[in-house]
Amino acid sequence: MKRISAADICQLKSTSQLKYLDGKIFFIENSIDSQNNRYQSRIKSIDSHGKIQTWTDKEGLNSDLTITENYLYFSAKDNKSEKKQLYRVDIKGGAAEQITNGKEDVISIIADPKGQNIIYESMESSQAGKFKTKDFPETRQISRLKNKLDGYGWFDEKAEYKINLFDSDDKRHIQLERSSKRINLLDLSKDGKELIISKDNKPDDDLDFGQGIYSYDLDSKKLSFITSELPNGYFFDAKLSPDKSRILIAGNDRHLPGYTKQELYVYDKNKQILKNLSREDDFDLENHLAADFSQQRSESVLAWADNEKYIFAAGYHGRSQLFSGSADGYHLIYDEPNEIFDFALLNNKKIALSISKQEKANEIIQIDFNENDASHISLYDPNEKFDNEHLYAKSQHFVYKSDDGLEHDGWYLHAVEPKNPKKIPVLLYIHGGPHAAYGETFFHEFQTHAAQGYAVIFVNPRGSTTYGQSFESAVIGHYGEKDFSDVINGLDFALNNFPELDRDRQYIAGGSYGGFMTSWAVGHTQRFKAAITQRSVINWISLWGTSDIGWYFNKRELGIDLYDAGGLETYWQKSPLAYADHINTPLLIQHGEWDMRCPIEQSEQLFTAVKKTGNETKFIRYPQSFHGISRNGLPSLRIQRLKDIDEWLGKH
């Protein structure tokens, strides 16, 4: 059996965007084309007999999977125009037909089940988020606070977003709406007459962050503001009941100045009442766990089984859960140690789930949502051959208490065939966010470190999601305080309870907030033999004006604005840079040169400060890389980054 390596990220596949029609589960299979150093995907299906069928042969990313009675619709880049276009494939089979051929990018698609009306959103822009190198470069004019987004680049302030209707019978394209800001297509009624969208409530106000749910009547062209009683709220998903009487909604009312967990709402259209259903629950409808594997998820967590029963997915204590609900409330129907990437309702009260586990990268399974048990049927493993040939590191969950008695989840990923089973070097890894969560999902990077002989310890300190509002809010205004002791206590618990861990070889690493905590740790303790800080928050003062979110994120997280009384002093006291002259730990600094969330100037400041003191350090810059380099960066650089980490750890 082989150990999992850095390069194996190019061998592994994941599934997402599940859809169901006439006995077939359609899905997108995501993979990496290592030869061309890019991500790719194909649309496939599996029937009740286990037969796999591939529906698209177009190179690159096939996305926005939409199924109707007669056609499969998707978006893909046209090599001639270099724009994403709308395509369709006859359900009976055949080659893909290109539906649009313009200068606009198709960025989302939705359709009614019969396929009479196909709604798609397109974006027209004359400027790319990042300019290519030219002999005579252009300028970019900026006039708004919301002017860039990490992972994309700079916004074209003259871009136009258009909502278009494609009539599948006469092949006409009709423009319904146009806007200067993105509109998110969420649902279309079965009769194709009512469209549910989300969009900025005040698109011209950069200081307003409300994103509401709206209903658009295709006949009357009337737009109704569904979440108008919560104009400051942020809502990201909504599904219309089959009879159009109710709308299930996911989001939050932003009643807190900092992070607010994503909750479940229902809107009664007849009574015009919006009701919060999950305010007191710990679960969070933002269902992503901190990892590096999933691609092209639908981001939808809601579905209606019929006019009365609905289904939703949520994150709870570092794992995914699935619920079934009605007017009487909701109950748990699936609760296993894994993450749900996507799901689709089948007939006969069945649900297909794309799931991931720490020791299994991905699998499509089937459950019965009338049965509250762990039984399921495995339908498809995109990595079956890989799984049979490789050793996955074993994971062990543990629970520990912080100094003030708060309980925390932690995990111990065992080293694979360590050289000395009684003296295993231990790597403490800290997640970003801080409003994110580690948990029961496949993490390729952790597997590679375990394969190199390291025990990996990872925990969820206060501030992590999936533990309820008070736990998530506990870090606000208190960075580097009890959250720091939480991660150290987690490491100490592991050292005290797993005697094979080597106390003389402790290492620490993390990215973003995890990079902040890593840099903070080595400025406040000398216990680690080496450290790796990645794309980190180092100086809150400069982050305020250079990050795509710093000008509002800093206040939300630190509880004070830079220009408030005491703001400058607080920002400096909470900055790892203030303690850089105390760092005596060998420190590797990694950063993407295109990072807009934590711009690379953060690491430049840290490197200069640490190098000036004479401490051992190395600064590695990754070109053409945004903040998410470890999750969706160029495949070659993702592999190189892991090799750089292992080389640094091995050296020490």
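Above this note sits the structure.
Residues numbered from 1 in each chain as written. Predicted model: local features only at pLDDT ≥ 70, side-chain atom pairs only at ≥ 80, totals over all residues. Heavy atoms only, no water.

Asks: Looking at this model, I keep getting lost on helix α2 (residues 444-451). Mind explaining?
Replies: Turn by turn, an α-helix covers 3.6 residues, leaving residues three or four places apart pointing in a common direction. With respect to burial, α2 is a largely interior element, eight of its eight residues being buried. The set of residues buried in α2 consists of His-444, Glu-445, Phe-446, Gln-447, Thr-448, His-449, Ala-450 and Ala-451. On its buried face, α2 sits against β1 (2-3), β32 (390-391), β34 (407-413), β35 (424-430), β36 (455-459) and α11 (635-651). Just past α2, the residue Gly-453 takes up positive phi, approximately 100°. (Buried < 20%, exposed > 50% of the residue type's maximum accessible area, 1.4 Å probe, protein only. Helix = DSSP H or I, 4+ residues; strand = E, 2+ residues; numbered from the N terminus. Contact = heavy atoms within 4.5 Å.)

Asks: Looking at this model, I keep getting lost on the pairing of strand β6 (residues 63-67). Mind explaining?
Replies: Look at any regular strand and the pattern is simple: side chains alternate between the two faces of the sheet. Judged by how many residues are buried, β6 sits mostly within the fold: five of five residues are covered. Hairpin connection of β6 to strand β7 (residues 71-78): three residues between the antiparallel strands. (Pairing = 2+ DSSP bridges.)

Asks: Explanation requested: the packing of aromatic side chains in the structure shown.
Replies: Aromatic rings in a pair are described by how distant their centres are and how their planes are angled relative to each other. What the rule picks out here adds up to 45 aromatic pairs. Residues Phe-209 and Tyr-552 carry aromatic rings whose centres are separated by 4.5 Å and whose planes lie at 50° to one another, so their mutual orientation is tilted. Within this pair, whereas Phe-209 is found in the loop between β17 (194-200) and β18 (211-217), its partner Tyr-552 is found in helix α7 (residues 550-558), the two being separated by 343 residues in sequence. With a centroid separation of 5.7 Å and 75° between ring planes, the pair formed by Trp-304 and Tyr-310 is classed as edge-to-face. For the pair Trp-304 and Tyr-310, one class covers both residues: buried. The rings of Phe-283, Trp-304, Tyr-310, Phe-312, Phe-323 and Tyr-330 are connected pair by pair, giving a single aromatic cluster. It is Arg-140 that lies over the ring of Phe-131; its NZ or CZ is 4.1 Å from the centre. (Phe/Tyr/Trp six-rings, centres within 6.5 Å; stacked < 30°, edge-to-face > 60°. Lys NZ or Arg CZ within 6 Å of the ring centre and 35° of its normal.)

Asks: Please clarify how the packing of helix α4 (residues 482-497) against helix α5 (residues 513-522) should be interpreted in this entry.
Replies: Describing two packed helices takes the angle between their axes plus the distance from one axis to the other. Close contact between α4 and α5 brings their axes to 11 Å; oriented N to C, the two are set at 85°. Put simply, α4 runs roughly perpendicular to α5. Where α4 approaches α5, its residues Asp-483, Phe-484 and Val-487 are matched on the opposing element by Tyr-513, Met-517, Trp-520 and Ala-521. Each residue belonging to the contact of α4 with α5 can be placed in one class, and the counts come to six nonpolar, no polar and one charged. (Axes fitted to C-alpha atoms, helices over the stretch in contact; angles between N-to-C directions. Parallel < 35°, antiparallel > 145°, perpendicular 65-115°, else oblique. Nonpolar A, V, L, I, M, F, W, Y, C, P; charged D, E, K, R; others polar.)

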